[in-house]
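Geometric and topological summary
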Amino acid sequence: MNLHEYQAKELLKKYNVPVQEGIACSTIAEAEEAYRYISSEYGSKFAVIKAQIHAGGRGKGTIKGTNQHGVAVAKSLDDVKKIAGNILGGTLVTVQTGEAGKQVNKILVAQDVYYDGPEKVKEIYLSILLDRSKGKNVIMYSTEGGMNIEDVAHNTPEKIFKEWVHPGAALPAFQARKIGFNLSLKGDAFKNCVKFVTNLYNAYVGLDCSMLEINPLFKTSDNKIIAVDCKMNIDDNALMRHPDINALHDIAEEDPTEVEAAKFNLNFVKLDGNVGCMVNGAGLAMATMDMIKLSGGEPANFLDVGGTANAQTVEAGFRIILKDPKVKAILINIFGGIVRCDRVAQGVIDAYESIGNIEIPIIVRLQGTNAEVAKELIDKSGLKVQSAILLSEAAELVNKAVA
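Only a predicted model underlies this, so the values are computations on that prediction, with no experimental measurement involved.

Turning our eyes to something else, we now look at the pattern of salt bridges. Using the criterion set out here, one finds 19 salt bridges in the structure. Glu-10 is the salt-bridge partner of Lys-13, the closest N and O atoms lying 3.3 Å from each other. Linking Lys-13 with Glu-10, this pair stays in helix α1 (residues 5-13), spanning three residues, or about one helical turn. The salt bridge involving Arg-36 is made with Glu-32; its shortest N-O contact spans 3.8 Å. Residue Arg-36 and its partner Glu-32 are located together in helix α2 (residues 28-42), separated by four residues, close to a single helical turn. Exposure remark for Arg-36: the relative accessible area of 40% places this residue in the partly exposed category. Judged by its relative accessible area of 16%, Glu-32 falls in the buried class. A cluster of three or more residues bridged by salt bridges with shared partners is formed by Glu-5, Lys-9, Lys-50, Arg-58 and Asp-229.

Burial analysis of strand β11 (residues 209-219) places 10 of its 11 residues in the buried class, which makes it a mostly covered element. Where strand β8 (residues 122-131) meets β11, seven bridges bridge the pair, whose relative direction is antiparallel. Among the inter-strand pairings, Lys-122 is bridged to a residue of β11, identified as Lys-219. Pairing analysis gives three bridges linking β11 to strand β12 (residues 225-227), with the strands arranged antiparallel. In the sheet register, Leu-217 faces β12, and the bridge partner there is Ala-227. Taking the residues between adjacent antiparallel strands as the criterion, β11 and β12 are bridged by five residues, where Asn-223 takes a positive phi near 70 degrees.

The full count for this structure, using the stated rule, is five aromatic pairs. Both rings, one in Tyr-114 and one in Phe-218, keep their centres 4.6 Å apart while their planes meet at 55 degrees; by these two values the pair is tilted. Highlighted residues: Tyr-114 in the loop between β7 (107-111) and β8 and Phe-218 in strand β11, separated in sequence by 104 residues. The exposure class of Tyr-114 is partly exposed, given its relative accessible area of 47%. When the ring of Phe-181 is compared with that of Phe-190, the centres are 4.8 Å apart and the planes differ by 40 degrees; the resulting orientation is tilted. When the ring centre of Phe-46 is taken as reference, the NZ or CZ atom of Lys-75 above it lies at 5.6 Å. The ring of Trp-164 carries the charged tip of Lys-134 above its face, separated from the ring centre by 4.8 Å.

What follows concerns the nonpolar core. If you look at the biggest cluster of nonpolar residues, it comprises 40 residues, and the most contacted ones within it are Leu-12, Ile-139, Leu-200, Met-232 and Ile-234. Broken down by secondary-structure element, the contributors of at least two residues to this core are α1, β8, β9 (136-142), α5 (173-182), α6 (187-206), β11, β12 and β13 (231-234). Among the elements that make up this core, the one with the highest residue count is α6 (10 residues). Beyond its immediate sequence surroundings of up to four residues, Leu-200 is in contact with Leu-12, Val-17, Leu-126, Ile-128, Leu-212 and Ile-214. In terms of nonpolar packing, the next biggest core, distinct from the first, is built from 33 residues, Met-278, Ile-321, Cys-341 and Ile-362 among them.

About the criteria used
- Residues numbered from 1 in each chain as written.
- Predicted model: local features only at pLDDT ≥ 70, side-chain atom pairs only at ≥ 80, totals over all residues.
- Heavy atoms only, no water.
- Salt bridge = Lys/Arg side-chain N within 4 Å of Asp/Glu carboxyl O.
- Helix = DSSP H or I, 4+ residues; strand = E, 2+ residues; numbered from the N terminus.
- Buried < 20%, exposed > 50% of the residue type's maximum accessible area, 1.4 Å probe, protein only.
- Pairing = 2+ DSSP bridges.
- Phe/Tyr/Trp six-rings, centres within 6.5 Å; stacked < 30°, edge-to-face > 60°.
- Lys NZ or Arg CZ within 6 Å of the ring centre and 35° of its normal.
- Core = buried A, V, L, I, M, F, W, Y, C linked by side-chain atoms within 4.5 Å.
- Contact = heavy atoms within 4.5 Å.

Remember, this is a structural readout, not a statement about activity or role.
Listed below in structure tokens is the structure:
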């Protein structure tokens, strides 16, 4: 589950992680009020206006039809009105959104952290995620933080440091200090960095994050260490432990078909192919997608109906797949282990009759418990459904459908 920057920062504050303060706004009037509050509360001469979407590259991205970037500095109340008016309701296009872009429904009006002081400011990169190859959490960090971190990783990988931490243990103090040393921090900045990294790691573990990225992590001119931006992903499997975080779910940021699939407990991911597939079990779904490609087609989706498929879930799967105009055929591949094949077959028949006339070919491959009974049910249904027992038969029928 992805979170907006303003949501992630509020969660970090609960773990005593210093952040750039800001107020989320949905209207220009709210943005004006937020600017007045920030100016008086924090003495900020300027305010940073940030589009809130689930995508990176906002600073370089632009609002369609304008020259307005997704992150901009407002130096006056008039600037706030103009920038907020350009961003709110607009479509922000970044390297991660593609040409379609994403509509901006909220902005964050944040305090200015580039104030004058005795020391030079510094932008740092820091992220925490799971390194599956080692079975440990890894903290990645660099002195070269900011909008060009991807170029740094590509052109000068030696500037990216890594610290691995056992997932069952806290971050050791010596590693927190090592991070401060590698970032060339001294004095109060070093001490504040050690505290920051320790608390950030506690937040990563405590919130069940799958990824936590701070870019930039900012050293201010008076040696404070502050999270200026934050990208946070929460492990979906852990949301049962965090109902407060689950309530932050912004479905407007997600694909509508994936949102609908979740209502029926379907594991669905939309792809760009021409063959819709409906399978029970993630492993079989992956194998089915491979088979579709080998047969000359391209999978239009990943859809796992789980081990308890019934008429309702099958019908929901059908309706979701049929919303994609690119789909030229649907392949249903069910292995009858926990679920009986004849029940799935009846579900296909019921769903077909409920939806009405379906123009594209439907191929049903059922194997396992009561597979023969299932095939007989489909063959005698009189519907335009082609049945197969072997995977090779299903592959051949898919090939004909997309040829």
